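Residue-level listing of the chains:
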Amino acid sequence: MKKLFLLLTLLVSVHAFSQKQNTVEGKITGLDKQKVYLASLYGERVTILDSTVSDASGNLKFLLPGGLPVGMYRIISGKEVTVDLILNKEDVAFSTSVFAVSDSLRISTPGENAVYYFYMQLDRKTQAALQLLIPVIDYYPEGNSFYKHASDEYEIVQKHLSAVLDSLVKKYPQSFAVRIFRLQQTPFLPATLKKDDRLNYLRQHFLDKADFSDTLLLRSNAWSNKAIAYLSLYSSSRYAQPQLQAEFIKGVTVMLSAASVNPYIFKFLLDYYVGGFDKYHFDDVISYMADNFQDPFACEDQSRKSTLQKKLDHFKKLSAGKQAPDLEVPDKDGKTVSLASIKSEYTLLIFWSSQCSHCVDMMPKVKVLYDNQKPKRMEIMTVSLDTDRKEWVDFISANKFRWLDTSDLKGFAGKAADDYNIYASPTMFLLDKDKKILAKPVSYRELEGNLAELGIK
């Protein structure tokens with residue numbers, strides 16, 4: 001009986017240990033009794049999980065729920081204080097200051113975060129050193145002894161960082177932090193490579209060590225950082241937007257083709273690129289992706305298609321030269337206005353909101369342009385994304401717009417917004433007399449340029 005009692009006691013102890021809740025404790029100097037949030041990361045998507053209030057000295061504590069997935073999490077307070085932490089079934093303690101969050105961050109517990117911030121600091125110093133050395137090996141006379149010293153140092157600092165990573169891989173082969181380091185690792189660049197050769201070499205070998213089977217890293221910003229870093233190899237401040245889009249198309253083709261071996265990472269990167277290019281209105285890139293890639297989990301049944309696939313399908317339908325979908329939206333008096341019924345040489349369709357500061361600034365300028373047409377060649381139909389009738393009507397009445405103002409008062413959830421794939425405001429479509437899309441100007445200045453090309457001033 002005593003042996004049985006001892007066995008039961010041990011089993012209870014083991015179970016209690018296995019259910020132990022880990023903690024995150026922090027001290028953020030200068031944070032006096034402020035609300036602090038704990039959030040998970042999935043790429044750049046931030047999801048609030050818990051909150052607490054710091055004491056007068058900036059001390060805070062989170063008790064982590066059992067079964068919390070391994071990944072990168074974020075401590076957030078206001079707009080200025082963010083601390084990223086790896087939570088991997090261990091207690092974490094840190095300290096920092098609101099006046100220099102990154103520079104003053106200290107991890108006081110051993111484990112994932114100590115390893116993570118040690119390597120990240122070394123990587124930052126290494127990259128800074130390389131950026132100082134690159135102009136020397138690019139432009140300094142090669143026969144000079146200083147050039148030889150700079151070239152040697154350029155390779156030495158790269159090899160040192162690689163050696164440190166190799167040692168961490170051997171010591172912590174399964175750690176989440178090491179997974180991140182291995183993904184962000186860039187290829188070794190010989191000092192003998194010239195400037196253009198270096199860029200081409202990076203483009204060809206940047207993804208050599210990327211493990212596209214590592215879906216665990218989706219619970220961090222590692223894959224989104226890798227996606228941006230790779231596209232940066234195709235960017236240049238010297239490029240006009242058409243050339244920049246052409247270069248980005250090359251980049252996304254390489255990245256998405258490499259990721260196609262894993263449907264989960266492929267979908268994540270495709271969705272991430274679509275959202276990013278949509279934000280900056282790089283429609284040529286999005287149309288290319290829509291024509292050449294699709295959600296691997298998409299269903300052919302239209303009613304069951306994924307949100308991502310629907311978005312891609314919409315972009316196909318809304319590219320320049322395509323027929324604009326018809327709209328039937330009520331005006332402020334409840335009368336239905338149809339886009340197809342507008343008889344005008346050109347039509348400008350604007351999705352906007354009285355709660356959007358960019359829209360509030362732009363709409364009066366568009367009004368001046370519209371009112372000053374001689375002769376009138378363009379009609380304007382606006383679709384408000386407001387959900388409050390009074391705010392919408394008050395704004396259009398105060399500005400005395402004389403065009404066709406409409407709204408279903410359903411915001412981004414309305415049929416018109418869905419049909420036109422609207423995710424931001426203002427969004428504009430310039431149509432010809434047959435309601436084919438001529439252009440999708442991003443700003444008022446771009447709209448002016450589009451209209452000038454048509455002789456509308």
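Our subject is the structure listed above.
Residues numbered from 1 in each chain as written. Predicted model: local features only at pLDDT ≥ 70, side-chain atom pairs only at ≥ 80, totals over all residues. Heavy atoms only, no water.

(A) The side chain of Ser319, seen in detail. For Ser319, the position within the fold is in the loop between α10 (307–317) and β9 (328–330). The buried category is assigned to Ser319, whose relative accessible area is 16%. Each residue touching Ser319, except ones within four places of it in the same chain, is listed here: Ser287, Ile437 and Lys440. (Helix = DSSP H or I, 4+ residues; strand = E, 2+ residues; numbered from the N terminus. Buried < 20%, exposed > 50% of the residue type's maximum accessible area, 1.4 Å probe, protein only. Contact = heavy atoms within 4.5 Å.)

(B) Broad picture of the pairing of strand β5 (residues 71–77). The buried fraction of β5 is high, at seven of seven residues. Sheet topology note: the strand β2 (residues 35–42)/β5 ladder contains four bridges and is antiparallel. When the bridges of β5 are listed, Ala39 appears paired with Arg74. One ladder, built from seven bridges, connects β5 with strand β6 (residues 81–87); its direction is antiparallel. (Pairing = 2+ DSSP bridges.)

(C) Structural detail: unusual backbone geometry. Omega for the bond connecting Lys374 with Pro375 falls within 30 degrees of zero, at -5°, which places this linkage in the cis form. Residue Lys33 is not a glycine yet carries a positive backbone phi of 50°. You can see Lys33 is positioned in the loop between β1 (23–29) and β2. Phi at Lys400 takes a positive value of approximately 55°, unusual for a residue other than glycine.

(D) The pairing of β2, seen in detail. As paired strands, β2 and strand β3 (residues 45–53) are joined by eight bridges and run antiparallel to one another. By the bridge assignment for β3, Val36 is matched with Thr52. Taking the residues that link successive antiparallel strands as the turn, the β2-β3 hairpin has two residues, and the phi of Gly43 there is positive, at about 65°.

(E) Structural context of the nonpolar core. Core analysis: the largest hydrophobic core is formed by 70 residues, its most contacted members being Phe181, Leu269, Tyr273, Phe277 and Met289. Of all elements in the fold, only α2 (112–139), α3 (145–171), α4 (176–184), α6 (222–232), α7 (241–259), α8 (263–279), α9 (283–292) and α10 reach the threshold of two or more residues within this core. Considering each element in turn, this core owes the most residues, 10 residues, to α2. Apart from residues lying up to four places away in sequence, Tyr273 is in contact with Ala227, Leu231, Val252, Met255, Leu256 and Met289. (Core = buried A, V, L, I, M, F, W, Y, C linked by side-chain atoms within 4.5 Å.)

(F) Up close: the pattern of salt bridges. Overall, the coordinates contain 17 salt bridges when judged by the stated rule. Between Asp84 and Arg74 there is a salt bridge; the shortest N-O distance is 2.6 Å. Remark: Arg74 occurs in strand β5 and Asp84 occurs in strand β6; sequence separation between them is 10 residues. Judged on exposure class, the residue Asp84 and its partner Arg74 are both buried. The salt bridge partner of Lys415 is Asp419, with a shortest N-O separation of 2.6 Å. Of this pair, Lys415 and Asp419 both sit in helix α13 (residues 415–419), four residues apart, which is roughly one turn of that helix. (Salt bridge = Lys/Arg side-chain N within 4 Å of Asp/Glu carboxyl O.)

(G) Representation of the packing of aromatic side chains. Here the structure, examined in full by the defined rule, presents 24 aromatic pairs. Plain terms: the ring middles of Tyr230 and Tyr234 are 5.4 Å apart, the flat faces sit at 65° to each other, and that makes the pair edge-to-face. One exposure class covers both Tyr230 and Tyr234, and it is buried. Through a chain of ring-to-ring contacts, three or more aromatic side chains come together here, namely Tyr42, Phe248, Phe268, Tyr272, Tyr273, Phe277 and Phe282. (Phe/Tyr/Trp six-rings, centres within 6.5 Å; stacked < 30°, edge-to-face > 60°.)

(H) Broad picture of the packing of helix α11 (residues 357–371) against helix α14 (residues 444–453). Where α11 contacts α14, the two axes come as close as 11 Å, and the packing angle between them is 20°. Viewed along their axes, α11 and α14 adopt a mutual orientation that is roughly parallel. In the crossing of α11 with α14, the sense of the turn from one axis to the other is right-handed. The residues of α14 that touch α11, namely those facing Met362, Lys365, Val366 and Leu369, are Tyr444, Leu447, Glu448 and Leu451. (Axes fitted to C-alpha atoms, helices over the stretch in contact; angles between N-to-C directions. Parallel < 35°, antiparallel > 145°, perpendicular 65-115°, else oblique. Left-handed = near helix turned anticlockwise from the far one by under 90°.)

(I) How the structure looks around the packing of α7 against α8. At their nearest, the axes of α7 and α8 sit 8 Å apart, and the two run at 160° to each other. Classified by the angle between their axes, α7 and α8 sit roughly antiparallel to one another. For the element pair α7 and α8, the recorded crossing hand is right-handed. Seen from α7, the contacting residues are Phe248, Val252, Met255, Leu256 and Ala259; seen from α8, they are Ile265, Phe266, Leu269, Leu270, Tyr273 and Phe277. Tallied by class, the residues present in the contact of α7 with α8 amount to 11 nonpolar, no polar and no charged. (Nonpolar A, V, L, I, M, F, W, Y, C, P; charged D, E, K, R; others polar.)

(J) Representation of helix α5 (residues 195–205). Arg198, Leu202 and Arg203 are the residues of α5 that are buried. Around the axis of α5, the buried residues are gathered within 135° of arc, so they sit on the same side. Away from its buried face, by an angle of more than 90 degrees, α5 presents the exposed residues Asp196 and Gln204. Looking at the packing, one finds that the buried side of α5 touches α2, α3, α6 and α7. (Arc of directions from axis to C-beta.)

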